[in-house]
Structures are given as structure tokens and as C-alpha cells.
Amino acid sequence: MLFALIGMGEVGRCYARPLKEAGYDLVLCDPRPSTASQQMADEWGIPIHQSIGEWVKEANWVISCVTGSHALAVVEQALAHIGSQTRICDMTTASPTTKRTALALCEKADVAYVDTAIMGAISLSLIKTPLLSAGKHADEFSTLLEKAGGKVTVIQDGKAGDAISLKILRSIFTKGMEALSVEMLMAAETQGVREKLFELLSDIDNTPLRTFINMLVRTHVIHAKRRAHEVHDAAEELASHGLPSAVLPGIEARFQKTIASLESTPVGEDDPSIDTAIQWLLTTSKVS
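First, a word on what this report is: a plain description of the structure on this page. (Residues numbered from 1 in each chain as written. Predicted model: local features only at pLDDT ≥ 70, side-chain atom pairs only at ≥ 80, totals over all residues. Heavy atoms only, no water.)

## Quick look at the sheet that holds strand β8 (residues 151-154)
Strand order in the open sheet formed by eight strands is β3-β2-β1-β4-β5-β6-β7-β8, and the pairing between neighbours is mixed. At either margin of the open sheet sits one strand with a lone partner, and together these are β3 (48-49) and β8. Two strands pair when backbone bridges link them, and strand β6 (residues 113-118) and strand β7 (residues 130-134) are joined in this way by four bridges, in the antiparallel orientation. Opposite T116, over in β7, you have S133 as the bridge partner. Contacts between helix α3 (residues 71-79) and the sheet are confined to β1 (2-6), β4 (61-64), β5 (87-90) and β6, with β5 contributing the most and set at about 170° to the helix. (Pairing = 2+ DSSP bridges. Helix = DSSP H or I, 4+ residues; strand = E, 2+ residues; numbered from the N terminus. Contact = heavy atoms within 4.5 Å. Axes fitted to C-alpha atoms, helices over the stretch in contact; angles between N-to-C directions.)

## As for unusual backbone geometry
With phi around 60°, D110 is a residue other than glycine that occupies positive phi space. Residue placement: D110 occurs in the loop between α4 (96-108) and β6. The residue D157 is not glycine, and still its phi comes out positive at about 65°. The topology assignment puts D157 in the loop between β8 and α7 (162-191). On the basis of relative accessibility, which here comes to 77%, the residue D157 falls in the exposed class. (Buried < 20%, exposed > 50% of the residue type's maximum accessible area, 1.4 Å probe, protein only.)

## Topic: the nonpolar core
Of all hydrophobic cores here, the largest spans 34 residues; its most connected members are L5, Y15, L19, L26 and I63. Looking at which element gives the most residues to this core, the answer is helix α1 (residues 10-21), with five residues. Counting 23 residues, the second-largest nonpolar core is a separate cluster that includes A4, C29, V62 and V74. (Core = buried A, V, L, I, M, F, W, Y, C linked by side-chain atoms within 4.5 Å.)

Structural data, given as C-alpha cells:
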């Protein structure tokens, strides 16, 4: 089994060594290899190609580990040399649209294309970092990588673009939580109540995340007006401690958008289901 790793940055190096140690053959490519990449290649006596060429046609799998802006170019260059016996796994952060475009090119060339999203910090978990894969032959990629110690979840019946779409949606939550946590803990530390704050938040630990998120959205469409005042007050409180919020103004704008929609188009239910709440939000967002 021959893997062609395109891009020998942090991601490429992370997967190169475990794949090699699992007994797979490797060919490497990077137009400007770092010192760390060159040392790795020299250790194995493997050259690093500076561009994709005829050498790639012998690969069973082409693993694209470049930046998202170069993802489509890698697919196009690889397709100029490979045939249907080779599969492409795109591990870049390219957009769902770009990955679906890449899929269309691969389908035209009768080449399998697997969209794979990295769902954690490679620098922390290395080969154990969870991956999410979608597309024809994603199961095959999962089996091969797990032999090298990887962790791959396959989206059953998923298509290219699905994996990266879910990663982006996850990032909305995690990066939003990150920004809020930064502001919250800064303010708590300033007031000397950081530990007491965690005690106050401990009840959330007892609620499954899905239940908690659904509860927030269901009740948002009923209580947005009251909660908007709380958001405004929280922003003023942070400012009074010399910590003006960069996040809360956006949150207040989201609440005000819901309030305006409620005034023109009431939900019509005192206790809407999550499905009702989401559909109402989508419908009123399109109207506004």
C-alpha cells in the first residue's frame, strides 16, 4: 500500500510517521519542505518531490495535507497523473463548496474522493486526533488509518463536503464558547469570584449537551426580550470593570433580531418544540 503525502507541514508530518511505522510505503511532496520535514525524509531515505508529477500515479492513496486555499489545485494536479486505481483523501480545511467541486472533478475522472475533517488539535493528540470522513471509500480510508493508530468516524451515506461542514458548525459552538469563556473568566478574576462562578455553573454539568442546547433554542423564541436585557446589563457590568466586551454586542444583536421577528410573527406556542423553534427562526430570518 503506497501513500502519497502532499504537504509536509504539521499535518503531513503527523501522519507520515505512524503510516510508515504501520508498514505502509510513502512518497512525499512539498514545494518548500521545512527542516523538520527534510530531516524526516532523510531518516527514511525518501526524497521530497517539489511538485506533483508522474511519480504519483503509483500511489494507492493521495493524502492532501495542504492549506485550504491550495486544496483544489492539488486535486487538479493529481488528476492529471492518476487513474481510477488511486483514491484521494482531502484533509484540508477547504470550504464545503471547494470540496464538492473537487468531488465533481474526481467523479468525472472516475477517481474516488474522500472528504476528511480534522476534529481537534493535531499538535496535542497527533495520530489520535479524531477525524470525520465522508464519501465513497471513506470506510476503506478509516480501516487503513486505524491500522496506523488513527481514529476515524465515517459519516454513513455522507458525501464530500459533509465532514468539513460539520467541522465548521462545531467550530461555531467551540470558538463562540472560547470567546465567551475568555471574557467571563477575565471578569470573574477581576471580581475575585472565579471559583464561586464554577460552583454556580456546576448544574450545567448534569445536563446532556444536546438537551441543554435544545433548551436554549426552544426558550429563546419565547424569552428573547427578557434575556436581551440581561445581555445588555452584562455588557455594562463588564465595561464598569474596565473590560468592555467584544462578544456581547453581537449576542445582543442576535436577540434583537429575534425580538423584531416576534413582534411581527409570534411563535404562537407557549412551549414550542425544538423543531418548531428552529423552523420559526429559519422562516423569520428569510422574511427579514
